[in-house]
Amino acid sequence: MRDTRIVDFLSQLADHTPAPGGGATAALHAAQAAALLGMVARYSCGDKYVAHAETVVGVIAETDTLRTRALRLAEEDAAAFTAVADAYRLPKGEQRSAAIAAALVEAAEPPARVVETASRLVELSEVLLPIGNRNVVTDVAAAAEAARAALTTARVNVEVNLRGIKDEQAREKLSIRLSGVDAAVATADWVTAKVREEINA
């Protein structure tokens, strides 16, 4: 997926195939958020920003790592969902039920990790907002919105898998990992609102 052209990915997304789907797009939203924040940070280097140099360098390094992670999660999500589809094709019986249950747990993991990745990206947008280059401040909002989309899309992709997971402990752990989504979404909304206030002042 990392080497796929955008037009080819969109064709695959639109096709009558189980993957890629919403989970992969959630991860790509996160990757775009990371890339945008990395760009803003790179525009926020030099003498004018020396007071925040350490923070900016840290943001560049972390967003580059998160961008790579998000792309990997897009691939992992597509593979995991394909495994779910394969499990449902098995002949009915205990083996099929067990395969489906195991596949659903595995399929919930990539979007759960996207939630964690996107939550951190929202935090980083909040960090960059007051110190970043004002010429690209709208890209901080764009990053926050991309991370927001990643959060809400990944959450629903975890939730749809929760329905079929019979292991109560696994369900509880996944639910806990989703518990901060609303707060992260609210922060993303706040970042965008602050940017809009600034550009419309």
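Our structure's up above, just so we're on the same page.
To keep things clear, this report deals only with the structure shown in the data block. (Residues numbered from 1 in each chain as written. Predicted model: local features only at pLDDT ≥ 70, side-chain atom pairs only at ≥ 80, totals over all residues. Heavy atoms only, no water.)

1. What about the overall build of the protein chain?
Assigned secondary structure in the protein chain consists of 7 helices and 0 strands. Counting from the amino terminus, the protein chain carries its helices and strands in the arrangement α-α-α-α-α-α-α. Counting all 201 residues of the protein chain, 41% fall into the buried class. A sequence separation of at least 24 residues applies to 77% of the contacts in the protein chain between residues at least 6 apart. (Helix = DSSP H or I, 4+ residues; strand = E, 2+ residues; numbered from the N terminus. Buried < 20%, exposed > 50% of the residue type's maximum accessible area, 1.4 Å probe, protein only. Contact = heavy atoms within 4.5 Å.)

2. Focus: the packing of helix 4 (residues 94-128) against helix 7 (residues 181-199)
The geometry of helix 4 relative to helix 7 is characterised by a closest axis approach of 9 Å and an angle of 30° between their N-to-C directions. For the element pair helix 4 and helix 7, the recorded crossing hand is left-handed. Residues V115, S119, V122, S125 and E126 of helix 4 form the contact with helix 7, whose participating residues are V181, A184, T187, A188, W190 and V191. (Axes fitted to C-alpha atoms, helices over the stretch in contact; angles between N-to-C directions. Left-handed = near helix turned anticlockwise from the far one by under 90°.)

3. As for the nonpolar core
In this structure, V114, L121, L128, L151, V158, I165 and L174 are the most contacted members of the largest nonpolar core, which totals 60 residues. Elements supplying a minimum of two residues to this core: helix 2 (22-42), helix 3 (53-88), helix 4, helix 5 (137-162), helix 6 (168-177) and helix 7. For this core, the element with the highest residue contribution is helix 4, accounting for 13 residues. Those residues in contact with L151 that lie beyond four places of it in its chain are V115, A118, S119, V122, V181, A184 and V185. (Core = buried A, V, L, I, M, F, W, Y, C linked by side-chain atoms within 4.5 Å.)

4. Focus: the pattern of salt bridges
Throughout the structure, instances matching the rule amount to 14 salt bridges. R67 is the partner of D64 in a salt bridge, and the nearest nitrogen-oxygen pair spans 3.0 Å. Residue D64 and its partner R67 are both found in helix 3; the two are separated by 3 residues, about one turn of the helix. A relative accessible area of 22% means that D64 is categorised as partly exposed. Since its relative accessible area comes to 31%, R67 is described here as partly exposed. A salt bridge links E109 to R177; the nearest nitrogen and oxygen atoms lie 2.8 Å apart. With E109 in helix 4 and R177 in helix 6, this pair connects stretches of sequence that are 68 residues apart. Salt bridges sharing common partners tie together R42, D64 and R67. (Salt bridge = Lys/Arg side-chain N within 4 Å of Asp/Glu carboxyl O.)

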